[in-house]
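Structure at a glance
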Amino acid sequence: MVGGRRFRPGGGFGRQLDEHETRVGVPPPEPPPPAGGMVDSAVYIRGHRIASPAGLAETYSCLQEQDDAMAWIGLYRPDIDQISSLAREFRLHDLAVEDAINAHQRPKLERYGHTLFVVLRAARYDDLREEVEFSELHLFIGPGFVVTVRHGEVPDLAAVRRRMEADAPMLAQGPEAVLYAILDQVVDGYAPVVAGLENDIDEIETQVFGGDPNASRRIYGLSREVIEFQRAARPLLTMLDALATGAGSYGTDEELLRYLRDVTDHLTQVVERVDGFRHLLQNILTVNATLVSQQQNEEMRSLTAASYAQNEELKKVSSWAAILFAPTLIGTVYGMNFVHMPELNWRFGYLFALLLMLLVCGTLYLVFKRRGWL
């Protein structure tokens, strides 16, 4: 307990909204600078802001003048010169500096001596496009300084800074308190994403059972987003566990450890739900494939039935054509104008021809009837 109350720098899932936040619990993102550079820089002593330097050089000067000060520098897509300046001043490791410049890193936590380099992937759900947007955030945490490097629009670090400055006793705990507050902000930002994904899955289920032909494409696209979300959230569990394990060696305050466990609990819930989404989407895809296969089978059955009916009609037509062809053939033969023809002068020749026609037609009818053609 600090100051007689429980500290929640990032606010967690149960915090009250401040004056800068909307009713849905998601603070509006801080407006980025028009070009890459420093968003905010402040120097603190015992949790209170004593200076707001306008540039990096002024920040370094303030730190040198104060023995017990902490600098919190916020950068947005900085250029190489700014990163190099920070590396020289705070003796940042070359590998960490290279990662911060190149971005596109996986979430990780690496320790270089007394400096921590942390890579986080924040997420935001875009309601209009129904897509998940990911942003990369790099942090350098060392004795007396915190440097945040944003490569995207989220998370809103201005809200984190406001909450921390409103709780001077906890901010006085130093850079580790800032790190945990940012971790909480990132994890809190996952909650609306989970809700958005859940809503998309509900819509997909409606599409699948409604026979929408575009369902398969949307299932695949959403599955890719869920996998990407897993890659952003799951490594944080390992990072939080590493921080908790090493807390004793670095004398971390017990209140920070409680807060860290609270963030871990929330993150575990997020990871479990996202894992469930992935399995659910796999099942939905299987069900959709089954429904599509059933629909195709029904269509094939209908085509087969139509083809069978056409064959039956063709059999009848062919049978009657054969029956009518027999008398036509006989009549055609006897209609030829030849003098020497059998039965031409026979008295019963005409009657014989008619009877022959009837006999052939009757025989063909019985044959086709027995075979089911008629």
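One can find the structure itself at the top, above this paragraph.
Computed from a predicted model, the values in this text were never measured in an experiment. (Residues numbered from 1 in each chain as written. Predicted model: local features only at pLDDT ≥ 70, side-chain atom pairs only at ≥ 80, totals over all residues. Heavy atoms only, no water.)

Regarding the overall build of the protein chain
Summing up its helical and strand segments, the protein chain has nine helices and seven strands in all. The contacts in the protein chain between residues at least 6 apart in sequence include a share of 68% that link residues at least 24 apart. Of the roughly 20800 Å² of accessible surface on the protein chain, 55% is carried by carbon and sulfur atoms. (Helix = DSSP H or I, 4+ residues; strand = E, 2+ residues; numbered from the N terminus. Contact = heavy atoms within 4.5 Å. Areas by Shrake-Rupley, 256 points an atom, 1.4 Å probe, with all protein chains shown as cover.)

Digging into the packing of aromatic side chains
Per the stated rule, a full pass over the model turns up eight aromatic pairs. Judged by centre distance (6.5 Å) and plane angle (45°), the ring pair of Y44 and W72 falls under tilted. On the criterion of sequence distance, the pair formed by Y44 in strand β1 (residues 37–45) and W72 in strand β3 (residues 69–76) is long-range, its members being 28 residues apart. Take Y44 and W72: they sit in the same class, and that class is buried. Ring geometry for W320 versus Y365: centroids 6.0 Å apart, planes at 45°, classification tilted. (Phe/Tyr/Trp six-rings, centres within 6.5 Å; stacked < 30°, edge-to-face > 60°. Buried < 20%, exposed > 50% of the residue type's maximum accessible area, 1.4 Å probe, protein only.)

What about the packing of helix α1 (residues 56–65) against helix α2 (residues 80–90)?
Running from N to C, α1 and α2 cross one another at 15°; their axes reach a closest spacing of 11 Å. Viewed along their axes, α1 and α2 adopt a mutual orientation that is roughly parallel. Judged by the sense of rotation from one axis to the other, the crossing of α1 with α2 is right-handed. Facing L56, Y60, L63 and Q64 of α1, the residues of α2 in contact are Q82, S85, L86, E89 and F90. (Axes fitted to C-alpha atoms, helices over the stretch in contact; angles between N-to-C directions. Parallel < 35°, antiparallel > 145°, perpendicular 65-115°, else oblique. Left-handed = near helix turned anticlockwise from the far one by under 90°.)

Re the environment of E225
Within the element layout of this structure, E225 appears in helix α7 (residues 215–245). Residue E225 is classed as buried on the basis of its relative accessible area, which comes to 15%. Spatially, the C-alpha atom of E225 lies 7.7 Å from that of E131, the residues being 94 residues apart in sequence. Apart from the residues within four sequence positions on either side, E225 is in contact with E130, E131, V132, F134 and L197.

Observations concerning the environment of Q185
Tracing the sequence through the fold places Q185 in helix α6 (residues 175–209). By relative accessible area, which is 7% here, Q185 ends up buried. The spatial distance from the C-alpha of Q185 to the C-alpha of A159 is 8.8 Å, given a sequence separation of 26 residues.

Overview of the side chain of T148
Inspection of the secondary structure puts T148 in strand β7 (residues 145–150). If we ignore the near neighbours within four places in the chain, the residues touching T148 are W72, I73, G74, L75, L137, H138, L139, L157 and I182.

Thoughts on the nonpolar core
Counting residues in each nonpolar core, the largest one holds 60 residues, and the members touching the most others are L120, L179, I182, Y190 and F229. For this core, the element with the most residues is α6, which contributes 16 residues. In this structure, A100, V119, F140 and V149 belong to the second largest nonpolar core, which totals 25 residues. (Core = buried A, V, L, I, M, F, W, Y, C linked by side-chain atoms within 4.5 Å.)

Quick notes on the sheet that holds strand β4 (residues 108–112)
Strand order in this open sheet of seven strands is β2-β1-β3-β7-β6-β5-β4, and the pairing throughout is mixed. Unpaired on one side and paired on the other, β2 (48–51) and β4 mark the two borders of the sheet. Within this sheet the neighbouring strands show an average axis-to-axis angle of 25°, counted without direction. Relative to β2, β1 is paired through three bridges, and the arrangement is antiparallel. Across the sheet, residue Y44 finds its bridge partner in β2, namely R49. Along the sheet face, α6 touches β3, β5 (115–126), β6 (131–142) and β7 and points at about 25° away from the line of β5. Against the sheet, α7 engages β4, β5 and β6, with an angle of about 145° to β5. (Pairing = 2+ DSSP bridges.)

Digging into α2
The complete set of buried residues in α2 reads Q82, I83, S85, L86, A87 and F90. At its buried positions, α2 is contacted by β1, α1, β3, α3 (94–102) and β7. Put simply, D79 is the residue that caps the front of α2, since its side-chain oxygen is 3.2 Å from the backbone nitrogen of D81. Just beyond α2, the residue with positive phi is R91, at close to 55°. (Polar contact = N/O pair within 3.5 Å; in protein donor to acceptor, adjacent residues only side chain to side chain.)

Quick word on α1
Since the α-helix turns once every 3.6 residues, residues separated by three or four places project in the same direction. Those residues of α1 that sit buried are L56, T59, Y60, C62 and L63. Buried residues of α1 fall within an arc of 160° about the axis and therefore sit on the same side. Among the exposed residues of α1, those oriented more than 90 degrees off its buried face are A57, Q64 and E65. Tucked into the core, α1 has its buried residues touching β1, β2, β3 and α2. (Arc of directions from axis to C-beta.)

Points about unusual backbone geometry
One non-glycine residue, R46, adopts positive backbone phi at about 50°. Taking relative accessible area as the criterion, R46 reaches 60% and is therefore assigned exposed. Although it is not a glycine, R91 adopts a positive phi angle of roughly 55°. When you line up the elements, R91 lands in the loop between α2 and α3.

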